[in-house]
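Coordinate inspection notes
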Amino acid sequence: MIQVLVVEDDPVAADAHRLYVGRVPGFTVAAVAHSRAEAVRALDRTQVDLLLLDLYLPDGHGLQLLRSLRAAGHTADVIAVTSARDLAVVREGVSLGVVQYVLKPFTFATLRDRLMRYAEFRAAAGEASGQDEVDRALGALRAPQPSRLPKGLSGPTLEAVTRALRTSPDGVTAAATGVELGISRITARRYLEHLVTVGRAVRSPQYGQIGRPELHYRWVAETR
C-alpha cells in the first residue's frame, strides 16, 4: 500500500481528500495534517510515500515545507493539490519533487487518475532496456491530452461556463448564463449543450408562467 499524508488546512477539504484517497486501490491515508507544523510532526512519526499537499497553509507556503523536508532528508513524492496557477510556482515545485499538480476544484475521477498514474510510475523497477522504456515510465505521470473541442468553442469560455454551472446548486438557464458571462444566449446554450453531450450536465424543461418552457441545466457531480 502507498502511504499518503494529506496536508490541507480546510477541514472539509481535508476530509474529502482523505475519503477520495481511500477509494483508490493501493492507497491508504497514513495521516492528515492541517498545517506545516502538523505535517512535519506527522512525517517524524509515520513512514509516508506520498504527500497530497495544499500549497496555501496557515503557517507557511507548501513549497517552503517541501524545501525544509528535502533539506532534512525526506524523500516522499508530492502531488500538489492547490488553486495556485502561477507557472513559476509549478516549475519550482517540479524542482523540489512535485510529480503531479491537481487544480482545485476537482472531481474524484481527476484525483483517481493522477493517483493511478503515480502508482504506475512508482511500480516501474529494474533496468530499462532502452529509451522507449524510460519514456513509458516517465509518460505514466503525464495526464492525457485534452480532447479537441467542437469547432467554434473555446477553452476559456468553456471553463467560465463550467464554473458558472458548478457554482449554481439550483442550475442555470442559457439566458442567465449569457447575462452573467457577457455572451449571447445562443453561445451560452452551445457550451451548456456540449457539457450535456460529454456527461457533465443534464437538461430539463423549466416551465414559467407564460410562453414556452426554457431549458434548465444542472451540473452532474462525479460520484464514482
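Residues numbered from 1 in each chain as written. Predicted model: local features only at pLDDT ≥ 70, side-chain atom pairs only at ≥ 80, totals over all residues. Heavy atoms only, no water.

The chain goes by Transcriptional regulatory protein in an unreviewed UniProt entry, where it is assigned to Streptomyces sp. 900116325. The chain has a UniProt comment under Subcellular location (unreviewed entry) that states "Cytoplasm". (UniProt positions renumbered as here; feature names shortened; annotations may be inferred.)

1. Concerning the overall build of the chain
Looking only at helices and strands, the chain features 9 helices and 10 strands. For the chain, buried positions account for 36% of its 224 residues. Long-range pairs, those at least 24 residues apart, make up 60% of the contacts in the chain between residues at least 6 apart in sequence. Summing over all exposed atoms, the chain offers an accessible surface of approximately 12,800 Å²; the carbon and sulfur share of this is 53%. (Helix = DSSP H or I, 4+ residues; strand = E, 2+ residues; numbered from the N terminus. Buried < 20%, exposed > 50% of the residue type's maximum accessible area, 1.4 Å probe, protein only. Contact = heavy atoms within 4.5 Å. Areas by Shrake-Rupley, 256 points an atom, 1.4 Å probe, with all protein chains shown as cover.)

2. What to know about the UniProt feature "modified residue: 4-aspartylphosphate" (unreviewed entry) in the chain
Under the UniProt annotation, "modified residue: 4-aspartylphosphate" (unreviewed entry) lies at D54. Position of D54 among the secondary structure elements: in the loop between β3 (50–53) and β4 (56–57). By relative accessible area, which is 4% here, D54 ends up buried. Other than its neighbours up to four places away in sequence, D54 contacts V7, E8, D9, G62, V81, T82 and K104.

3. What to know about the pattern of salt bridges
Inspection of every chain in the model, using the stated rule, returns 10 salt bridges. Ionic pairing is found between D15 and R18, a salt bridge with its closest N-O pair at 2.4 Å. In this pair, D15 and R18 both sit in helix α1 (residues 11–22), 3 residues apart, roughly one turn of the helix. A relative accessible area of 35% means that D15 is categorised as partly exposed. Accessibility expressed as a relative area gives 35% for R18, which makes it partly exposed. (Salt bridge = Lys/Arg side-chain N within 4 Å of Asp/Glu carboxyl O.)

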